[in-house]
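# Working through the structure, step by step
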Amino acid sequence: MGMTMTQKILAAHAGLDEVKAGQLIMANLDLVLGNDVTSPVAINEFNKAGFTDVFDKNKVTMVMDHFAPNKDIKSATQCKTCRDFASKYDIKNYFDVGDMGIEHALLPEKGLVAPGDCVIGADSHTCTYGALGAFSTGIGSTDMCAGMAKGKTWFKVPAAIKFNIVGKLPKYSAAKDVILHIIGMIGVDGALYKSMEFSGEGLKNLSMEDRLCMANMAIEAGAKNGIFAVDDVTLDYIKDKVDREYKIYKADDDAEYEAEYTIDLSQIKPTVAFPHLPENARTFDDIPEVKIDQVVIGSCTNGRIEDLRCAAEILDGKKVAKNVRCIVIPATQKVYMQAMKEGLLEIFINAGCAVSTPTCGPCLGGHMGILAKGERAVATTNRNFVGRMGHPESEVYLASPYVAAASAVTGKISQPSEVM
């Protein structure tokens, strides 16, 4: 029996000819990631264990993004812990205020992940980098500690689910709608500890931003990782970013999958995930009037330049509804600059939006947009669990930048056709 993309990458990094689903392996790592929330725990364990150096100062990266710029003394202390560690061990890829961004948007942009890589990160949405044809997964802070010190970690090889992508998205439908449709179809545990593998002729119609969005939310279906077949779109994206050798792994024709689905992009409609799970996906055939208090456009899911262009297309020449707060967060400094050059920030500000420096901020209920009791938000983020963006009795509705922007204009959950 052949191997999937993920299984081939893991076999190569374990020094094995083949691996099978369920097999325990020790794999070498190409990158170990932490942020300002998870890195301090790993650093404390690193020091307690008596480690005296990291395995490779070029293959450990830390990004200050969750509570940065620091919102209080505790978050400032966490960042200082990371800053001191990075300085002590000469960590080359340490990113702080002014040159950082939301980690899962920043690392691909910086060319730190390439096809065929094996990456771990002390953040569940590390699965994002599967968009580049890498095996990439979230781990705990203690695993991050071991990874930083030894450059390897253990995995149980995941089984896989295949998604055959065909067709092309209609106007105002987006990759966020695709992944919400999939999660609604299979459930939040539908890919539990499995690899979600995306291929098919329709991939050519999905940009890298689309793929990063979809891979990002693989964890919301319980997946160990999401991964896209490498094609010309991938190679065009990395050509001026990745300056090292990499290897492309393709699934064997006889690779074994636990399930296979065909996703026709042409049938995807604007979709909203209702509280309090990403699987509560509804199209506008089944959405009542829901008044909102806040809109958040950004995050590691939908804060890239294409996402801001989509939102600006809807908001251009319009005003955010009275009593609605619309917060726009470019995912990186580069995205911020590009949005400024293209006049997108002017569109947002003229519409009555607040534009923030890059930060995870409101996505995890950290800062820059916390919800009070009874408030509702439409967000382009990835989770809508109870209390995710603030008070336990607030509500978060997940949507694409198109839907989020339209909802900001009307003051209720709305599809783009209502305002265009």
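On a predicted model such as this, the values are computed, not experimentally measured, just so you know.

What follows covers the packing of helix α2 (residues 39–48) against helix α5 (residues 141–150). In helix packing, the relevant descriptors are the interaxial angle and the interaxial distance, both defined with respect to the helix axes. At their nearest, the axes of α2 and α5 sit 8 Å apart, and the two run at 60° to each other. Between α2 and α5, the angle falls in the class oblique. For the element pair α2 and α5, the recorded crossing hand is right-handed. Note on element contacts: α5 touches α2 through Ser141, Thr142, Met144, Cys145, Met148 and Ala149, opposite Ser39, Val41, Ala42, Glu45 and Phe46.

Quick look at the layout of surface pockets now. Empty space left among the atoms is revealed by rolling a probe the size of a water molecule over them. One number sums up the size of the largest pocket: a volume of about 440 Å³. Lining the largest pocket are 21 residues, with Glu209, Tyr237, Lys241, Ile305 and Lys334 sitting closest to its centre. Those elements that provide at least two residues to the lining of the largest pocket are α4 (103–109), α7 (208–216), α8 (232–238), α10 (305–315) and α11 (333–341). Tallying contributions element by element places α11 first for the lining of the largest pocket, with five residues. Partitioned by chemical class, the residues of the lining of the largest pocket number nine nonpolar, three polar and nine charged.

With that settled, the discussion passes to the UniProt feature "binding site: [4Fe-4S] cluster" (unreviewed entry) in the protein chain. UniProt's feature table lists "binding site: [4Fe-4S] cluster" (unreviewed entry) at Cys300, Cys360 and Cys363, given in the numbering used throughout. For the residues just named, distributed over 64 residues, the greatest C-alpha separation is only 9.2 Å, placing them together at one site. By secondary structure assignment, the location of Cys360 is in the loop between β16 (354–355) and β17 (376–379). Residue contacts for Cys360: discarding those within four places in its chain leaves Asp65, His66 and Ile102. Inspection of the secondary structure puts Cys363 in the loop between β16 and β17. Residue Cys363 is classed as buried on the basis of its relative accessible area, which comes to 7%. Once residues within four sequence positions are removed from consideration, Cys363 is found in contact with Thr381, Asn382, Arg388 and Met389.

Here we come to helix α6 (residues 175–186). The first and last C-alpha atoms of α6 sit 17 Å apart over twelve residues, in line with the 16 Å expected at 1.5 Å per residue. Burial analysis of α6 places nine of its twelve residues in the buried class, which makes it a mostly covered element. Residues Ala175, Lys176, Asp177, Val178, Ile179, Leu180, Ile182, Ile183 and Ile186 constitute the buried set of α6.

Look at the link from Ala68 to Pro69: it is a cis peptide, with omega at -10°. Mapping Pro69 onto the fold places it in the loop between β3 (60–63) and α3 (73–88). In this structure, the amide linkage connecting Pro275 to the following residue, His276, adopts the cis form with an omega of 0°. Along the chain, the position of His276 falls in the loop between β12 (271–273) and β13 (281–283). The phi dihedral of Tyr193 is positive, around 50°, even though this residue is not glycine. Along the polypeptide, Tyr193 turns up in the loop between α6 and β9 (194–199). A relative accessible area of 28% means that Tyr193 is categorised as partly exposed. Unlike most non-glycine residues, Ser299 shows phi in positive territory, near 90°. Position of Ser299 relative to the elements: it lies in helix α9 (residues 299–302).

Each value, and the rule that gives it
- Residues numbered from 1 in each chain as written.
- Predicted model: local features only at pLDDT ≥ 70, side-chain atom pairs only at ≥ 80, totals over all residues.
- Heavy atoms only, no water.
- Axes fitted to C-alpha atoms, helices over the stretch in contact; angles between N-to-C directions.
- Helix = DSSP H or I, 4+ residues; strand = E, 2+ residues; numbered from the N terminus.
- Parallel < 35°, antiparallel > 145°, perpendicular 65-115°, else oblique.
- Left-handed = near helix turned anticlockwise from the far one by under 90°.
- Contact = heavy atoms within 4.5 Å.
- 1 Å grid on protein atoms, 1.4 Å probe; cavity = no way out; pocket = protein on both sides within 12 Å on 5 of 7 lines; lining within 4 Å.
- Points joined across faces, edges and corners; volume = space filled by probe spheres on them.
- Nonpolar A, V, L, I, M, F, W, Y, C, P; charged D, E, K, R; others polar.
- UniProt positions renumbered as here; feature names shortened; annotations may be inferred.
- Buried < 20%, exposed > 50% of the residue type's maximum accessible area, 1.4 Å probe, protein only.
- Expected span 1.5 Å × (residues − 1).

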